[in-house]
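These are the residues of each chain, in order.
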Amino acid sequence: MASSSSTTAAALPEPLIPGLPNDISVVILASLPLPIQSRLRFTCREWRRLLYPSTILPIRRLLRLPSHQLLALFPSDPSLSSPFLFDPSSLSFLPLPPLPCSPHLFYLSNFSPLSLRHHLYLLGGSLFDAHSYPLGHPVSSAAVHSLDLAGDPPSWIRLPDMPTPRGSFASAAVDSASSIIVAGGGSRHPMYPSQGSRIVSVEWYDMAASEWRMGEKMPRQRAGCVGFVAEGEFEEEFWVMGGYGEYRAMAGVVPADVYCRDAVVLGLRSGKWREVGDMWEEGERRKLGAVGVVEGEDGLAKGVFMLDRNEIFRYDFAVNRWLKESSLRRKIPASESCGFAAMNGELYVLTTAQPSPDISDLRKRHKKRWRMEIQVYNPEKKKWRFLIANPPFQQPIDFKTTMLCTIRL
């Protein structure tokens, strides 16, 4: 381990940090958060060579530095607005390149972002196509893109399309099989919340072969669901929870979703589905809230949590019930949007950015700087803490449409 860092340091012609051996300097710089490394990259030529992800990530693995999760935020259509990586340890943001833009496809939403190792994937979604008819109705996308954060520089590449276009679907990365699985979904779009199709198809993407294959269909069609991989009694399992299936007409005119209270589970080795009964009683809640999955180093779920209004629930696999875990310290009004994610064994509740006056310059008092308030809960210690970050956004984040994804580096 020491010889590897010595070899890297020896290749650098000048000291990285004056007065320190390059071995020590490499460890210091490699230990910094990724967004901070990105800012320091332009300090000098030697730092620029060292701090590119393609160089620094292998060094972190050789030095056996602890990995931690970052949060990828997609505030809107990623082809029009750049996504960001958020590091909770330093409260810093790193802009990512936008998705390649198409001249006739616009307003992409309900896509599924996920990660595997140092790759980000963006699958499917619902959008508007200027080549389709009628123009005012959304269509599903089958597009798949990948972003290698260790690239030099990182850039999105197009992967083979999914066999079935879909948006608002369950997805998960299977680390042990180097594959991606997607299930359900449809063509629903935020502008037309009561319309859209529902499907039951399941598909696998084999990263080694770079191809898709069909899987066993789900027992019933559903969209708007969430998915994760957990260790079962005999094999790894892909869980699909919540969402909506059929819809009924209210007063014979207005369509209304029928939300699913159950879950279905796919054995990744057997390829067979089994059904799990209702996770809550009638009248207990209307639908599944935002779900955060605490993952282990192997990418498997170690705990599944749900944010339901101002309360956090933990899913008990043994009894198939959501049990109350804790309540938010700062209540969030129903009119205020919020995000929910699990990172590094903790649960993060991100509230819509709040404006605060910028008093650094009296001539610019009319300008406002947006901030993001974060409530962090540790399930093991049963403790809360509060963070405030200053995101580099020109407008507040609407977490009702913002897509979130964690990535481990």
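Rules of the game
- Residues numbered from 1 in each chain as written.
- Predicted model: local features only at pLDDT ≥ 70, side-chain atom pairs only at ≥ 80, totals over all residues.
- Heavy atoms only, no water.
- Helix = DSSP H or I, 4+ residues; strand = E, 2+ residues; numbered from the N terminus.
- Buried < 20%, exposed > 50% of the residue type's maximum accessible area, 1.4 Å probe, protein only.
- Contact = heavy atoms within 4.5 Å.
- Areas by Shrake-Rupley, 256 points an atom, 1.4 Å probe, with all protein chains shown as cover.
- Phe/Tyr/Trp six-rings, centres within 6.5 Å; stacked < 30°, edge-to-face > 60°.
- Lys NZ or Arg CZ within 6 Å of the ring centre and 35° of its normal.
- Pairing = 2+ DSSP bridges.
- Axes fitted to C-alpha atoms, helices over the stretch in contact; angles between N-to-C directions.

Q: Mind laying out the overall build of the chain, listing which residues take part and the relevant values?
A: Summing up its helical and strand segments, the chain has five helices and 30 strands in all. Residue burial in the chain is summarised as follows: out of 409 residues, 50% are buried. Expressed as a percentage of contacts within the chain between residues at least 6 apart in sequence, the contacts between residues at least 24 apart total 51%. Surface summary for the chain: the accessible area is close to 19,800 Å², and the carbon and sulfur share equals 54%.

Q: Go over the packing of aromatic side chains, please, and point to the residues and values.
A: Applying the stated criterion across every chain yields a total of 13 aromatic pairs. Centre to centre, the rings of Tyr 107 and Phe 128 are 6.1 Å apart; their planes meet at 35°, and the pair counts as tilted. Of the two residues, Tyr 107 is situated in strand E4 (residues 105–109) and Phe 128 in strand E7 (residues 126–129); the sequence distance between them amounts to 21 residues. Residue classification places Tyr 107 among the partly exposed residues on the basis of a relative accessible area of 35%. Between Phe 238 and Trp 273, the ring centres sit 6.5 Å apart and the planes meet at 65°, which makes this aromatic pair edge-to-face. In this pair, Phe 238 is assigned in strand E16 (residues 236–241) and Trp 273 in strand E20 (residues 273–276), connecting sequence segments 35 residues apart. No difference in accessibility class separates Phe 238 from Trp 273, as the two residues are buried. By the ring-pair criterion, three or more aromatic residues cluster together here, those being Phe 228, Trp 239, Tyr 315, Phe 317 and Trp 322. Against the face of Trp 280 rests Arg 285, its NZ or CZ located 5.6 Å from the ring centre.

Q: Describe the sheet that holds strand E6 (residues 119–123), naming the residues involved and giving the relevant values.
A: Two pairing modes exist for strands in a sheet, parallel and antiparallel, and in both the strands are linked by backbone hydrogen bonds. The strand order across the open sheet built from four strands is E5-E6-E9-E10, with neighbouring strands paired in antiparallel fashion. Because the sheet does not close on itself, it has two edges, and the strands there are strand E5 (112–116) and strand E10 (156–159). Taking the axes of each pair of neighbouring strands and ignoring which way they run, one obtains an average angle of 25° across the sheet. Bridge count for strand E9 (residues 144–148) against E10 is four bridges, and the pairing is antiparallel. From the neighbouring strand, Val 144 faces E10, where its bridge partner is Leu 159.

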